[in-house]
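Listed here are the chains, written in short residue letters.
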Amino acid sequence: MHEEDERAATPDDGAWMRRALALAARGWGQTAPNPMVGAVVVRDGAVVGEGWHPRYGEPHAEVHALRSAGEGARGATLYVTLEPCNHHGKTPPCTDAILAAGIRRVVAAVPDPSPIARGGADRLRGEGVDVLLGVEESAARELNAAFFNALASDRPFVRLKLALSLDGALTDATRRPGWLTGDAARAEVHRLRADSDAVAVGIGTALVDDPLLTVRGVAPPRVPPLRVVFDTSARLPLDSKLVRSAREVPVVVLCWAPDPTHAAALEHAGVELLHAASLPQAVRALRTRGVRSLLVEGGAGLASAFLQEALVDRLIIFRAPIVLGSGALNAFGGMPASTIDSAARWTIVESRRLADDEMTVYKPPG
């Protein structure tokens, strides 16, 4: 928060902004490539209007909140989780609607980084509106981390998801497929898929588990996530669930040295092949393909590779209350050894309980 903005903040600004952030999250899976945005109109200490951006291409949060408030917006304060836009896109500028409604004060969580849409705060100030930026900025950035990353990086925002036992294992000594976590945790994974442009596994997981990688059991996203397999030799079986459904939901295989005959058969079945000589190249190829947010679901080899290449932006651990013991597959067994003194420490972003399981989200060091 800028120094002059901090002096202007009131004790209630944070509370109203947290309400706006809760509203923003209602757009989960529906707004990309736009961010999720929420807005609250407050007059004389009471809410007179609320709104959120419900779906890409539809009116923005500010417009919905102002419509809800009606004449109650005149002289009121508008809380919004992103600086109001100041350009004609799929909808008119939100600054126009704010000025027309007679809003006296605007509190925004974070400046808009888009070179096209930004400038709303300056325009509103120029029209005599009191503007405050930076309230609950960290939470607003976290909610739309993939959106902010897309404007600053040539690769997707990567979330690595692992379901582990208490002793850090992905599976038991038999290596047979099975669920470590319960229904609530698995539902959360599908919710994470719904807010991702792509969901990825390594070829080892694809061969053992034969996953479908679709979104099930939660509100369906506006666009189903691309299904991705990191498979150097492109040996994904033609009778796998992924290949058999490739014409319904797109499948991409990232490869380098495929067998020409099998590669042709995969393409004939509707699978798209992307060629990359390294994991960083493969991830950048996905960004070029339009993937701004990538959820990596394992297995152990792929997880270690992403971590070693420093390609993980958030590590999401689902911890099940079981111990698998000797012979179990350790999730981080492929990582190079490190000492206690030299090991970098990750930062907890979020931690919550899902029935008997625990979900913890970590941010990488630095």
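The numbering scheme is per chain: residues are counted from 1 as the chain's sequence reads. In view of the model being predicted, local features appear only for residues whose pLDDT reaches at least 70, and side-chain atom pairs are presented and counted only at 80 or more, with totals across whole chains, interfaces and linings using the full set of residues. Hydrogens and water molecules were not included; the side-chain quantities draw on all heavy atoms of the structure.

1. Quick look at empty space enclosed by the protein
And step 1. Only protein atoms enter the 1 Å grid used here. Points where a 1.4 Å probe fits but cannot escape make up a cavity, open sets with protein on both sides within 12 Å along at least five of seven lines make up a pocket, and a residue lines them when an atom lies within 4 Å of a point. Grid points are joined across faces, edges and corners, and a volume is the space filled by probe spheres set on the points. Per the counting criterion, the structure on display carries one cavity of 30 Å³ or more.
And step 2. The space that makes up the largest cavity amounts to roughly 30 Å³.
And step 3. Forming the boundary of the largest cavity are P35, M36, V37, T81, L82, V110, A140, N144 and F148.
And step 4. Charged means Asp, Glu, Lys or Arg here, nonpolar means Ala, Val, Leu, Ile, Met, Phe, Trp, Tyr, Cys or Pro, and polar covers whatever is left, Gly included. Considering only residue class, the lining of the largest cavity consists of seven nonpolar, two polar and no charged.

2. Brief notes about the sheet that holds strand β8 (residues 198–202)
And step 1. Here we have nine strands laid out as an open sheet, ordered β11-β10-β9-β8-β12-β6-β13-β16-β15, and mixed in their pairing. Edge strands, defined here as strands with exactly one partner in the open sheet, are β11 (272–275) and β15 (347–354). The sheet shows a mean angle of 20° between the axes of neighbouring strands, taken without regard to direction.
And step 2. At least two DSSP bridges between two strands are needed for those strands to be called paired. Starting at the N terminus, helices and strands are each numbered in turn, a helix being any DSSP run of H or I of at least four residues and a strand any DSSP run of E of at least two. Pairing of strand β10 (residues 251–255) with β11 involves four bridges; the strand directions are parallel. Residue pairing for β11: V253 is matched across the bridge by L273.
And step 3. Pairs of residues are marked as contacts when any of their non-hydrogen atoms sit within 4.5 Å. Note on geometry: axes are lines fitted to C-alpha atoms, helical ones only across the stretch in contact, with angles between N-to-C directions running from 0 to 180 degrees. Packed on one face of the sheet, helix α13 (residues 300–308) meets β6 (157–164), β8, β9 (226–230) and β12 (293–296) and runs near 140° to β6.

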